[in-house]
Amino acid sequence: MKADGSEPRKVTCGAAGARQPIYQPTVYTITPTNVEPWSQVAFVGVNPGERNEAGVAPNTSLWCAKTDGTVLRRLSYNLSNDMDPAVLPDGRMVYAAWLRHSTTRPAQGRVALLGLNADGTDPQAYAADEGLRVKQMPAPTADGRVVFVEANAIAGDGAGRLASVSQMRPLHSYRSLTRDEDGLFRAPAPLPDGRLLVAWRAARGERFVRDLPLRSDHGRA
(Lines give C-alpha, C1' and ligand atoms only; values in the text may rest on other atoms or scores of the structure.)
Protein backbone atom coordinates (compact mmCIF):
# COMPACT_ATOMS: atom_id res chain seq x y z
CA MET A 1 0.00 0.00 0.00
CA LYS A 2 0.99 3.64 -0.20
CA ALA A 3 2.50 5.39 2.81
CA ASP A 4 -0.89 6.97 3.59
CA GLY A 5 -2.58 3.54 3.74
CA SER A 6 -4.38 3.83 0.43
CA GLU A 7 -4.44 1.36 -2.49
CA PRO A 8 -3.62 -1.86 -0.59
CA ARG A 9 -3.00 -4.87 -2.81
CA LYS A 10 -2.19 -8.48 -2.14
CA VAL A 11 1.39 -9.58 -2.80
CA THR A 12 1.34 -13.16 -1.51
CA CYS A 13 -0.12 -15.23 1.28
CA GLY A 14 2.69 -17.80 1.04
CA ALA A 15 1.98 -21.48 1.25
CA ALA A 16 -0.10 -21.01 4.41
CA GLY A 17 0.01 -17.41 5.58
CA ALA A 18 2.79 -14.83 5.77
CA ARG A 19 4.15 -12.36 8.32
CA GLN A 20 7.24 -10.24 9.09
CA PRO A 21 7.81 -9.12 5.47
CA ILE A 22 11.01 -7.36 4.40
CA TYR A 23 12.27 -6.06 1.07
CA GLN A 24 15.20 -8.00 -0.35
CA PRO A 25 17.93 -6.54 -2.58
CA THR A 26 17.05 -6.45 -6.27
CA VAL A 27 17.86 -9.72 -8.03
CA TYR A 28 19.08 -9.76 -11.63
CA THR A 29 18.44 -12.97 -13.55
CA ILE A 30 19.94 -12.86 -17.04
CA THR A 31 18.57 -15.36 -19.56
CA PRO A 32 18.36 -15.36 -23.38
CA THR A 33 14.88 -13.80 -23.09
CA ASN A 34 15.02 -11.79 -19.86
CA VAL A 35 17.38 -9.24 -18.33
CA GLU A 36 14.86 -7.46 -16.12
CA PRO A 37 15.58 -7.04 -12.39
CA TRP A 38 13.38 -8.80 -9.86
CA SER A 39 12.01 -6.88 -6.91
CA GLN A 40 11.48 -9.36 -4.10
CA VAL A 41 10.16 -9.61 -0.56
CA ALA A 42 11.03 -12.21 2.04
CA PHE A 43 8.74 -13.23 4.89
CA VAL A 44 8.05 -15.83 7.56
CA GLY A 45 5.60 -18.47 6.38
CA VAL A 46 3.98 -21.55 7.89
CA ASN A 47 4.76 -24.83 6.20
CA PRO A 48 1.46 -26.71 5.64
CA GLY A 49 1.26 -29.92 7.65
CA GLU A 50 4.65 -29.45 9.35
CA ARG A 51 5.17 -29.23 13.12
CA ASN A 52 8.36 -27.97 14.71
CA GLU A 53 10.84 -30.41 16.21
CA ALA A 54 9.29 -30.14 19.66
CA GLY A 55 5.84 -30.83 18.22
CA VAL A 56 4.31 -27.85 20.03
CA ALA A 57 3.50 -25.53 17.12
CA PRO A 58 3.46 -25.28 13.31
CA ASN A 59 6.91 -25.06 11.75
CA THR A 60 7.87 -21.73 10.17
CA SER A 61 10.49 -21.00 7.52
CA LEU A 62 11.69 -18.07 5.46
CA TRP A 63 10.10 -17.63 2.03
CA CYS A 64 10.46 -15.11 -0.77
CA ALA A 65 8.40 -13.97 -3.75
CA LYS A 66 8.47 -11.28 -6.38
CA THR A 67 6.48 -8.21 -5.45
CA ASP A 68 3.74 -9.26 -7.88
CA GLY A 69 3.27 -12.49 -5.90
CA THR A 70 4.90 -14.83 -8.42
CA VAL A 71 7.98 -17.05 -8.06
CA LEU A 72 7.21 -18.12 -4.50
CA ARG A 73 10.19 -20.00 -3.05
CA ARG A 74 11.13 -21.45 0.32
CA LEU A 75 14.53 -20.21 1.53
CA SER A 76 15.21 -21.99 4.85
CA TYR A 77 14.77 -25.60 5.94
CA ASN A 78 14.97 -25.83 9.72
CA LEU A 79 13.51 -28.67 11.82
CA SER A 80 12.20 -25.97 14.12
CA ASN A 81 11.03 -22.39 13.65
CA ASP A 82 12.74 -19.61 11.69
CA MET A 83 11.63 -15.99 12.21
CA ASP A 84 12.60 -12.29 12.38
CA PRO A 85 14.43 -11.81 9.04
CA ALA A 86 16.43 -8.62 8.46
CA VAL A 87 18.62 -7.58 5.52
CA LEU A 88 22.32 -6.85 6.14
CA PRO A 89 24.16 -4.11 4.22
CA ASP A 90 25.96 -6.74 2.10
CA GLY A 91 22.60 -8.14 0.87
CA ARG A 92 22.51 -11.24 3.06
CA MET A 93 19.81 -11.85 5.63
CA VAL A 94 20.16 -12.46 9.34
CA TYR A 95 17.33 -14.21 11.19
CA ALA A 96 16.43 -16.05 14.38
CA ALA A 97 16.35 -19.87 14.25
CA TRP A 98 15.25 -22.28 16.96
CA LEU A 99 18.01 -24.92 17.14
CA ARG A 100 17.13 -27.71 19.50
CA HIS A 101 20.56 -28.81 20.73
CA SER A 102 24.11 -27.59 21.19
CA THR A 103 27.14 -28.69 23.18
CA THR A 104 26.43 -26.08 25.86
CA ARG A 105 22.62 -26.23 25.81
CA PRO A 106 21.68 -29.85 25.08
CA ALA A 107 18.34 -30.03 26.84
CA GLN A 108 16.46 -26.86 25.93
CA GLY A 109 18.34 -25.96 22.78
CA ARG A 110 18.60 -22.29 21.86
CA VAL A 111 17.36 -19.65 19.46
CA ALA A 112 20.44 -18.45 17.57
CA LEU A 113 20.99 -15.87 14.85
CA LEU A 114 21.88 -17.32 11.46
CA GLY A 115 23.05 -15.68 8.23
CA LEU A 116 21.68 -16.63 4.81
CA ASN A 117 22.15 -15.47 1.22
CA ALA A 118 19.14 -13.81 -0.41
CA ASP A 119 18.54 -16.94 -2.52
CA GLY A 120 18.58 -19.28 0.50
CA THR A 121 22.12 -20.62 0.02
CA ASP A 122 25.00 -20.84 2.50
CA PRO A 123 23.27 -20.71 5.92
CA GLN A 124 25.76 -20.14 8.73
CA ALA A 125 25.90 -19.28 12.41
CA TYR A 126 25.87 -15.54 13.07
CA ALA A 127 25.43 -15.30 16.86
CA ALA A 128 24.99 -18.61 18.62
CA ASP A 129 26.00 -19.71 22.14
CA GLU A 130 27.49 -16.51 23.57
CA GLY A 131 25.16 -14.55 25.82
CA LEU A 132 21.66 -15.65 26.75
CA ARG A 133 19.89 -18.69 25.30
CA VAL A 134 17.30 -16.95 23.09
CA LYS A 135 18.29 -14.33 20.51
CA GLN A 136 15.57 -12.62 18.43
CA MET A 137 14.68 -9.46 16.47
CA PRO A 138 18.08 -8.67 14.86
CA ALA A 139 18.47 -5.09 13.62
CA PRO A 140 21.54 -4.04 11.54
CA THR A 141 22.83 -0.58 12.51
CA ALA A 142 24.63 2.08 10.49
CA ASP A 143 27.81 1.71 12.56
CA GLY A 144 28.38 -1.89 11.43
CA ARG A 145 26.74 -3.94 14.18
CA VAL A 146 23.64 -6.08 14.61
CA VAL A 147 21.63 -5.33 17.74
CA PHE A 148 19.18 -7.97 18.99
CA VAL A 149 16.97 -8.95 21.91
CA GLU A 150 18.14 -11.83 24.10
CA ALA A 151 16.61 -13.75 26.99
CA ASN A 152 16.96 -17.09 28.77
CA ALA A 153 13.46 -18.21 27.76
CA ILE A 154 11.06 -17.59 24.90
CA ALA A 155 8.56 -15.04 26.15
CA GLY A 156 5.19 -14.50 24.55
CA ASP A 157 6.12 -10.94 23.57
CA GLY A 158 9.78 -11.70 22.84
CA ALA A 159 11.04 -9.07 25.31
CA GLY A 160 14.46 -9.24 26.95
CA ARG A 161 17.83 -7.53 27.19
CA LEU A 162 19.68 -5.87 24.32
CA ALA A 163 22.97 -7.20 22.95
CA SER A 164 25.01 -6.79 19.77
CA VAL A 165 27.67 -8.31 17.53
CA SER A 166 29.87 -6.74 14.87
CA GLN A 167 28.91 -7.37 11.25
CA MET A 168 32.61 -7.88 10.46
CA ARG A 169 33.23 -10.56 13.13
CA PRO A 170 29.85 -11.65 14.47
CA LEU A 171 31.12 -14.83 16.14
CA HIS A 172 33.87 -13.02 18.07
CA SER A 173 32.32 -9.70 19.08
CA TYR A 174 29.34 -10.43 21.33
CA ARG A 175 28.50 -7.59 23.71
CA SER A 176 25.69 -7.21 26.22
CA LEU A 177 24.18 -3.70 26.06
CA THR A 178 21.66 -3.69 28.91
CA ARG A 179 21.21 -5.38 32.29
CA ASP A 180 18.18 -7.00 33.88
CA GLU A 181 17.62 -3.95 36.06
CA ASP A 182 17.40 -1.75 32.93
CA GLY A 183 14.01 -3.28 32.08
CA LEU A 184 12.72 -5.26 29.10
CA PHE A 185 13.17 -4.31 25.46
CA ARG A 186 11.71 -5.46 22.15
CA ALA A 187 11.60 -4.50 18.45
CA PRO A 188 14.84 -2.49 18.10
CA ALA A 189 14.96 -0.34 14.97
CA PRO A 190 17.97 1.79 13.91
CA LEU A 191 17.58 5.54 13.49
CA PRO A 192 19.60 7.61 10.96
CA ASP A 193 21.53 9.38 13.73
CA GLY A 194 22.90 6.09 15.08
CA ARG A 195 20.45 5.66 17.95
CA LEU A 196 17.89 2.86 18.30
CA LEU A 197 14.14 3.11 18.56
CA VAL A 198 12.80 0.41 20.89
CA ALA A 199 9.77 -0.60 22.88
CA TRP A 200 10.58 -0.73 26.60
CA ARG A 201 8.91 -1.55 29.87
CA ALA A 202 10.26 -1.57 33.40
CA ALA A 203 9.11 -5.10 34.26
CA ARG A 204 6.90 -7.92 33.05
CA GLY A 205 3.22 -7.14 33.43
CA GLU A 206 3.69 -3.42 32.80
CA ARG A 207 2.86 -1.61 29.57
CA PHE A 208 5.44 -1.06 26.86
CA VAL A 209 6.60 2.49 26.24
CA ARG A 210 7.03 3.21 22.54
CA ASP A 211 9.56 5.52 20.92
CA LEU A 212 12.27 5.22 23.53
CA PRO A 213 15.57 6.30 21.91
CA LEU A 214 18.79 4.58 22.95
CA ARG A 215 22.37 4.98 21.92
CA SER A 216 23.16 1.91 19.82
CA ASP A 217 26.41 1.29 21.70
CA HIS A 218 25.00 1.30 25.24
CA GLY A 219 22.32 2.88 27.39
CA ARG A 220 19.72 5.58 27.07
CA ALA A 221 20.35 8.70 25.03
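As a reminder, the structure under discussion sits directly above these lines.
Throughout this description, residue numbers start from 1 for each chain and increase along the sequence as written. Local features in a predicted model are, by the rule used here, given only for residues with pLDDT of at least 70; side-chain atom pairs are given and counted only at 80 or more, and totals for whole chains, interfaces and linings are based on all residues. Excluding hydrogens and water, the side-chain values take into account all heavy atoms of the structure.

Enquirer: What exactly am I supposed to notice about the pairing of strand β13 (residues 161-166) here?
Expert: When a residue's accessible area, from a 1.4 Å probe over protein chains only, is under 20% of the maximum for its type it is buried; when over 50% it is exposed; and in between it is partly exposed. Working definition: helices are DSSP H or I runs of at least four residues, strands are E runs of at least two. Numbering for both runs from the N terminus. Judged by how many residues are buried, β13 sits mostly within the fold: five of six residues are covered. By the bridge criterion, six bridges tie strand β12 (residues 145-151) to β13 in an arrangement that is antiparallel. Bridging from a neighbouring strand, Phe148 pairs with Ala163 of β13. We call two strands paired when DSSP finds no fewer than two bridges between them. In this structure, β13 lies alongside strand β14 (residues 175-176), joined through two bridges in antiparallel fashion. Looking at β14, one finds that Ala163 is bridged to Ser176.

Enquirer: Would you mind showing me how to read the environment of Val165 here?
Expert: If you trace the backbone, Val165 turns up in strand β13. What makes Val165 buried here is its relative accessible area of 1%. Taking the C-alpha atoms as reference points, Val165 and Ala127, separated by 38 residues in sequence, lie 7.4 Å from one another. Contacts are assigned to residue pairs with any non-hydrogen atoms lying within 4.5 Å of each other. Sequence-distant contacts of Val165, that is, excluding residues within four places in its chain, are made with Tyr126, Ala127, Arg145, Val146, Phe148, Pro170, Ser173 and Tyr174.

Enquirer: What am I meant to see in the nonpolar core here?
Expert: By convention a nonpolar core is built from buried Ala, Val, Leu, Ile, Met, Phe, Trp, Tyr and Cys residues, the set being connected through side-chain atoms within 4.5 Å. Leu62, Met93, Leu113 and Tyr126 are the most contacted members of the largest nonpolar core, which has 29 residues in total. Of all the secondary-structure elements, those providing two or more residues to this core are β4 (40-51), β5 (58-66), β7 (82-87), β8 (93-99), β9 (110-116), β10 (124-127), β12 and β13. With seven residues, β8 is the single largest residue contributor to this core. Those residues in contact with Tyr126, other than ones at most four positions away along the chain, are Leu88, Arg92, Val94, Leu113, Leu114, Gly115, Val146, Val165, Ser166, Gln167, Pro170 and Leu171. Counting residues in hydrophobic clusters, the runner-up holds nine residues, among them Met137, Leu177, Val198 and Trp200.

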